[in-house]
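A structural walkthrough
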Amino acid sequence: MPRESVMEIKTVNRNRIYRMIYQNPRISRPELCHRLGLSMPTVMQNVRYLQDRGLVEEGGSLDSTGGRKAVALTCVKDARTAVGLDLTANHISGVLVDLEGGILAESREKRAFAVSGEYADALAGVVRDLIGKAAAPAERVLGVGVSMPGTFSADGGLMLDSRVLRMQNLRCAELSKSISLPCVFCNDANAAGFAEVWDVQSPSDALYLSLSNTVGGAILLGGQLYKGENQRGGEFGHIPVVRDGKRCYCGKKGCLDAYCSATVLSDLAGGSLPAFFRELREGAPKARIAWADYLDNLAAGVDILRMAFDCPVILGGYVGAYMEDQLEELRGRLAYLNRFDRDGGYVRVCRYRTEASAVGAALIHVQAFVNSI
Ligand SMILES: [Zn+2]
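Model, not experiment: these values are computed from the prediction. (Residues numbered from 1 in each chain as written. Predicted model: local features only at pLDDT ≥ 70, side-chain atom pairs only at ≥ 80, totals over all residues. Heavy atoms only, no water.)

Quick notes on empty space enclosed by the protein
Put simply, the rule is: Think of a 1 Å grid over just the protein atoms. A cavity is a set of points where a 1.4 Å probe fits yet cannot get out, a pocket is an open set with protein on both sides within 12 Å along at least five of seven lines, and lining residues have an atom within 4 Å of a point. Grid points are joined across faces, edges and corners, and a volume is the space filled by probe spheres set on the points. Under the scheme applied, nonpolar residues are Ala, Val, Leu, Ile, Met, Phe, Trp, Tyr, Cys and Pro; charged residues are Asp, Glu, Lys and Arg; polar residues are all the others, including Gly.
Scanning the model with the defined rule gives 1 cavity of 30 Å³ or more in all. In this structure, the largest cavity encloses a volume near 40 Å³. Every residue lining the largest cavity is listed: Tyr22, Pro25, Thr74, Cys75, Lys77, Leu99 and Glu100. Residue classes in the lining of the largest cavity are distributed as 4 nonpolar, 1 polar and 2 charged.

Right under this line is the structure:
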């Protein structure tokens, strides 16, 4: 067999072993052999390699039905970390995550988006502070993922258009020039959607619907983002839900965005979404009427997504964070609209209630690292 092929098989085996331990904490060496169809010497050699590099550790013995107890293997979750930044018109949010997506440090500061040396320095400062806050060894930080509300070129080097940031054809390197770590850029809703599905053991399909000040989303097929021909896949905000309805910022009438952006609700409570939901809980008639309307339109949009993709729909964004208590009302409407599903059980609420976009952006580095071992 050519030398390259032997090397290739060795690398593939090592990666399969690492990922199996990563996805199944407290797995034993015999179980690895069994599940991966590898010999014990191969497993032992690779586990030793991973232990020597501080990526895998032994964590006590496993219960046994007889004979010698097997030793449990676990990935060292803080062997590497990654930074995620979410840039909006007026804020910079940041997180430092470990290899399991756990948040080790977070920050949020008010700063207007700008393309300037000062802003680039501020981003580098946030990255430094996060690493310092978590006392994370700098050499173990994989890189920085940056999410923004815009569409990007296929290689992520250019932000093509952002209505929120009032920016077109921005070279992303302008923002990362003061950061010495590798940086990747991505759409905020795509990043948030990725955070919801990235660690699911068997690759799964899901749609992520982001209900923030604009409505966006992500299509996740087999655990990977589907971006489409023009990187606009998942722009669910512009699905028409009302014929000749309210004018949307895109120029069309009746888009989901015009009915289900978070501002539709916060505008009724002095610009504060928490205040709107407080009024709703207190039973204020104005809030109750607006919320019923909101749910009707949201159900119409979600129903279209379900009919098109036949997969789970995850609600996220600012409003998604409040949906847990309201899910039954929405599911009732979905069951009424859809004659194929018996209930609206396919819709669920996001896991990351805050900073989902920053976490998802950081996880791009984590996934690349896990796949590269
Ligand atoms: Zn629109």
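Here's the deal with unusual backbone geometry
Threshold: Numbering of helices and strands runs from the N terminus; a helix is a DSSP stretch of H or I covering at least four residues, while a strand is a stretch of E covering at least two. Between buried and exposed lies partly exposed: a residue is buried under 20% and exposed over 50% of the maximum accessible area for its type, with that area taken using a 1.4 Å probe on protein chains only.
Not every positive phi belongs to a glycine, and Arg166 is a case in point at roughly 50°. Locating Arg166 in the fold gives a position in the loop between β8 (158–162) and β9 (167–171). A relative accessible area of 74% means that Arg166 is categorised as exposed. Unusually for a residue other than glycine, Asn169 sits at a positive phi of about 45°. For Asn169, the location among the structural elements is in strand β9.

What to know about the domain arrangement of the protein
Operational definition: Segment limits for the domains were obtained from an automatic or database-derived domain assignment.
The domains assigned to the protein are domain 1 (3–75), domain 2 (81–194 + 356–372) and domain 3 (201–349). Between domain 1 and domain 3, the C-alpha centre-to-centre distance is 43 Å.

Brief notes about the coordination of the zinc ion
Our working definition: Here the term donor refers to an N, O or S atom within 2.8 Å of the metal (or 3.2 Å for Na, K and Ca), and because water is left out of the atoms, sites may appear incomplete.
Here the zinc ion is held by His238 (ND1), Cys248 (SG), Cys250 (SG) and Cys255 (SG), and the distances to it run 2.1 to 2.4 Å. Written as a sequence motif, the donor arrangement for the zinc ion is H-x9-C-x1-C-x4-C. Taken as a pair, His238 in the loop between β13 (224–226) and α7 (256–260) and Cys250 in the loop between β13 and α7 lie far apart in primary sequence, 12 residues in all. Note on Cys250: relative accessible area 38%, which makes it partly exposed.

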